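Architecture and fold: a report
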Amino acid sequence: MILYKYMSLSGAIKAIETSSIGFTHLEDFNDPFECTAFGFKEKPNFMVSPQIAQNACKNRFSRGYAVLSLSRQPLNSLMWSHYGDSHQGVVIGIDVDEANFHSLSDNFIPYQFGEIVYTKTKPQNDLDIINDDELMNIGKNTLFEGNLFNLAKRAFLYKSLDWAYEEEVRVVKEVKSLKASYHTSEGVFGDFNIVRIQNRPLYCFSIPQSSIKEVYLGKNIYKNISRTATVSQNEYESLIQGWQDQDIEVYYCEWNAN
């Protein structure tokens, strides 16, 4: 199974050069309604309200786990505009099985369970409200199972129907045990190399070089040479040759005249 990551040219160069891909906390995503689809029931004489439970869950899920967002589709024009640097960037095709993103023991949510549920309306009042012990355990769980299954699906895998064009599939990893807080400076923690991008942590996870199978070059990628000078013409040509030498299939995107 090959899934796709849209990114800038400079981001793609770094990802391929280091054979790594970035995971991000939910709170740093561009949708403020991430992690709000719990739909807890009211419980009489219970001191925790559904709203308090939702806010607490959002906080703990956001900081205890990191998410890799992938797409099923490498040629979506809106995705290129929103995430591919306005068609100046790159899409990387990753063999998610070879990258070990299918493993039930190494991923909190492996890709085969990570397909986004797009819905017009959030779930309402259908989940039992959680107790203090369950709440405190969020972020310590490394397996997507048991009573946590439905709660985690609501946290990570529900989005508004407006986002359906993304055809998103997620991989989620537990990061709480790394002992690295949201404000931790850069460094290697466990399986991750944490770097900071615009003062936000990016968890770079190493994958086999051979798991990067495809690269799609945006229609406007020439602007990285002629306008922004991200790379020179010679550097650009060397990049393409280097990727092909690594047995990566390189494709050039063009407008469809039909």
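Each remark here, short or long, concerns the structure printed above.
Notes on the structure in this doc start here.

Conventions adopted
- Residues numbered from 1 in each chain as written.
- Predicted model: local features only at pLDDT ≥ 70, side-chain atom pairs only at ≥ 80, totals over all residues.
- Heavy atoms only, no water.
- Helix = DSSP H or I, 4+ residues; strand = E, 2+ residues; numbered from the N terminus.
- Contact = heavy atoms within 4.5 Å.
- Buried < 20%, exposed > 50% of the residue type's maximum accessible area, 1.4 Å probe, protein only.
- Pairing = 2+ DSSP bridges.
- Core = buried A, V, L, I, M, F, W, Y, C linked by side-chain atoms within 4.5 Å.
- Phe/Tyr/Trp six-rings, centres within 6.5 Å; stacked < 30°, edge-to-face > 60°.

**Description of the environment of L26**
Note that L26 resides in the loop between β2 (20-23) and α2 (50-64). Placed 114 residues apart in sequence, L26 and K140 show a C-alpha to C-alpha distance of 16 Å. Among residues more than four places away in sequence, those in contact with L26 are E34, C35, S62, V67, A155, F156 and R170.

**Considerations on the pairing of strand β9 (residues 192-197)**
The side-chain alternation of β9 yields one buried face, formed by F192, I194 and R196, and one unburied face, formed by N193, V195 and I197. Two successive antiparallel strands, strand β8 (residues 187-189) and β9, enclose a turn made up of two residues, where G190 displays a positive phi of approximately 60 degrees. Strand direction decides the pairing type here: β9 and strand β10 (residues 200-206), joined by six bridges, are antiparallel. Each residue of the ladder has a partner; that of I194, found in β10, is Y203. Between β9 and β10, which pair antiparallel in sequence order, lie two residues; one of them, Q198, sits at a positive phi of approximately 50 degrees.

**Thoughts on the nonpolar core**
The biggest cluster of nonpolar side chains holds 42 residues, and the ones touching the most others in it are F23, I92, F101, L217 and W243. Here this core takes five residues from helix α1 (residues 9-18), the largest share from any one element. In this view, F101 contacts I21, F23, L68, V96, N107, P110, Y111, Q112, V171, K173, F205 and I207; residues no more than four positions away in its chain are not counted. Core analysis: the next-biggest nonpolar cluster, separate from the first, contains 37 residues, F38, L148, L151 and Y216 among them.

**Some points on unusual backbone geometry**
Note on backbone geometry: most residues besides glycine have negative phi, and most peptide bonds are trans. Phi is positive for S86, close to 55 degrees, though the residue is something other than glycine. We classify S86 as partly exposed; its relative accessible area is 41%. Its identity is not glycine, yet D247 carries a phi of approximately 65 degrees, on the positive side. If you trace the backbone, D247 turns up in the loop between α7 (233-245) and β12 (249-252).

**Digging into the packing of aromatic side chains**
The description of an aromatic ring pair rests on the distance of the ring centres and on the angle between the ring planes. Tallied over the entire structure, the rule returns 16 aromatic pairs. Aromatic pair F108 and F156: ring centres 6.3 Å apart, planes at 70 degrees, arrangement edge-to-face. With F108 in the loop between β4 (90-95) and β5 (117-119) and F156 in helix α5 (residues 148-156), this pair connects stretches of sequence that are 48 residues apart. The class of F156 is buried, set by a relative accessible area of 0%.

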